[in-house]
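# A closer look at the structure
Below, each chain spelled out in residue letters.
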Amino acid sequence: MKNQIKKIALLTSGGDAPGMNASIRSVVRACVFHNIIPVGVYKGYDGLIEGRFEEMNARSVKGIINKGGTILKTARSEKFKSKAGRYEAYKSIKENKIDGLIVIGGDGTFTGGLIFSEENKFPVIGIPATIDNDIFGTSHTIGFDSATNTVMNAIDKIRDTASSHNRLFFVEVMGRDAGHIALNTGVAGGAEEILIPEENLGLDRLIQSLKRSEKTGKSSSIVVVAEGDKTGENVFHLKEYVEKHLSNYDARVAVLGHMQRGGTPTCFDRVLASRLGVYAVESMISKKDGNMVGLQNNKVVLTPLKKAIKGVTKINKELLKVSDIMSI
Ligand code: ATP
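Below, the structure is looked at part by part. Remember, predicted model here, so these are calculated numbers, not experimental data.

Take unusual backbone geometry next. With a phi angle near 55°, Lys97 is a residue other than glycine that sits in the positive phi range. Of note, Lys97 is situated in the loop between α3 (83-95) and β4 (100-105). Judged by relative accessible area, which is 62%, Lys97 ranks as exposed. Residues other than glycine seldom take positive phi values, yet Lys121 does so here, at roughly 50°.

Dropping the structure here:
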């Protein structure tokens, strides 16, 4: 059957994540491979509304597979949340004779993309790229592996200073609604406790655990705290609380912040981004739009955008158990 898709627009939206550039590269080159013109849209949905389009070719994406951030820039667009804004975007798309749109981002990006697609009967496909790994329908989002390695390296460095001074460190990591970064990096960095949004371990348990560590001869401790931790305490309050109840501890706080989003993507993220970009273009060609491309059991799969948005990713309970056992 003749390919009816002549031009595909692509954009990155929401929070940036390492590997977004690798996905842009993959979508662009897969388009060129299939004789489709790739059109980059600058600054996410704002760029779609403002008509910030640029036709790309295989060479436009040279030298970016190893770069963090996104060459297309990203944005959180308020205008796109209104019907009028989305209609403006649709007009830009039609003026530029675009036949399909690939959106690279998190669940907010997919929500916007789905509403846009339903309102205008326009084909949209999503590629999951967010450091939080909180998208249903894929075992990994692009950026998660890189961010967790960045955090793990930071914890290793903090551990050096913690053990030199016999200190307790609270390390705050990203994850307002999901504790995947905290749980994985806590296990990888040998944290004594991990506080995440999905589980309320309670402050008493934290104190008990630190007392136990002290008794068993630990001279320093690391507690990894996700931003959205269920105790409801911010990381500085946690430090004060612990110091009040455990006078022997000299506690410090390290908030890792935006460094977690930056840096060169890992091998895993580059490969994932390359696979998902190709699959997104091929799914658009075979009219399987309305879906998100993702990875399950190391196979590329499609999940309806509706499901990807509504579904909830579960925390890995086995990892919680492993973390408990490791911190005896
Ligand atoms: P991250 O997980 O990294 O934060 P995200 O894609 O979830 O990424 P958001 O800021 O939530 O980031 O969403 C990105 C953009 O998607 C928003 O700025 C907005 O333009 C669009 N969007 C989100 N929700 C909606 C909605 N309900 N209707 C229309 N557009 C939306």
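Our focus in this paragraph is the site of the ligand. Neighbouring the ligand are 17 residues, the closest being Arg76, Ser77, Gly106, Gly108 and Thr109. In this structure, an oxygen atom belonging to the ligand sits 2.9 Å away from a main-chain N or O atom of Gly106. The separation between an oxygen atom of the ligand and a polar main-chain atom of Gly108 is 2.9 Å. For the ligand, the protein covers 82% of the area, taking 620 Å² as the surface of the free molecule. Spatially, the ligand is embedded in the largest pocket. With six residues, the single largest contributor to the shell around the ligand is helix α4 (residues 107-120). Split by residue class, the shell around the ligand holds three nonpolar, 10 polar and four charged.

With that settled, consider the packing of helix α7 (residues 203-215) against helix α8 (residues 235-245). Their axes nearest at 11 Å, the elements α7 and α8 cross at an angle of 55°. When the axis of α7 is compared with that of α8, the two are oblique. Handedness of the crossing formed by α7 with α8: right-handed. Seen from α7, the contacting residues are Leu203, Asp204, Leu206, Ile207 and Leu210; seen from α8, they are Leu238, Tyr241, Val242 and His245. Taken together, the residues that form the contact of α7 with α8 break down as seven nonpolar, one polar and one charged.

Take the environment of Leu246 next. Among the structural elements, Leu246 can be located in the loop between α8 and β9 (250-255). Here the alpha-carbon distance between Leu246 and Ile115, two residues 131 residues apart in the chain, equals 52 Å. When near neighbours in sequence (up to four residues on either side) are disregarded, Leu246 contacts Ile207, Leu210 and Lys211.

This part takes up the pairing of strand β11 (residues 299-304). As judged from the six bridges shared by strand β10 (residues 291-296) and β11, these two strands associate in the antiparallel manner. Of the residues in β11, the one forming a bridge with Val293 is Leu302. Where β10 hands over to β11, the hairpin turn is made up of two residues, of which Asn297 adopts a positive phi near 50°.

Running from N to C, helix α6 (residues 180-188) and helix α11 (residues 317-326) point in directions that differ by 35°, and their axes come no closer than 10 Å. Between α6 and α11 lies a crossing of left-handed hand. Contacts between α6 and α11 pair Leu183, Asn184 and Val187 from the former with Leu319, Leu320, Val322 and Ser323 from the latter. Classifying every residue of the contact of α6 with α11 by side-chain character gives five nonpolar, two polar and no charged.

Parameters at a glance
Residues numbered from 1 in each chain as written. Predicted model: local features only at pLDDT ≥ 70, side-chain atom pairs only at ≥ 80, totals over all residues. Heavy atoms only, no water. Helix = DSSP H or I, 4+ residues; strand = E, 2+ residues; numbered from the N terminus. Buried < 20%, exposed > 50% of the residue type's maximum accessible area, 1.4 Å probe, protein only. Near = heavy atom within 4 Å. Polar contact = N/O pair within 3.5 Å; in protein donor to acceptor, adjacent residues only side chain to side chain. Areas by Shrake-Rupley, 256 points an atom, 1.4 Å probe, with all protein chains shown as cover. 1 Å grid on protein atoms, 1.4 Å probe; cavity = no way out; pocket = protein on both sides within 12 Å on 5 of 7 lines; lining within 4 Å. Sits in = over half its atoms within 2 Å of the grid points. Nonpolar A, V, L, I, M, F, W, Y, C, P; charged D, E, K, R; others polar. Axes fitted to C-alpha atoms, helices over the stretch in contact; angles between N-to-C directions. Parallel < 35°, antiparallel > 145°, perpendicular 65-115°, else oblique. Left-handed = near helix turned anticlockwise from the far one by under 90°. Contact = heavy atoms within 4.5 Å. Pairing = 2+ DSSP bridges.

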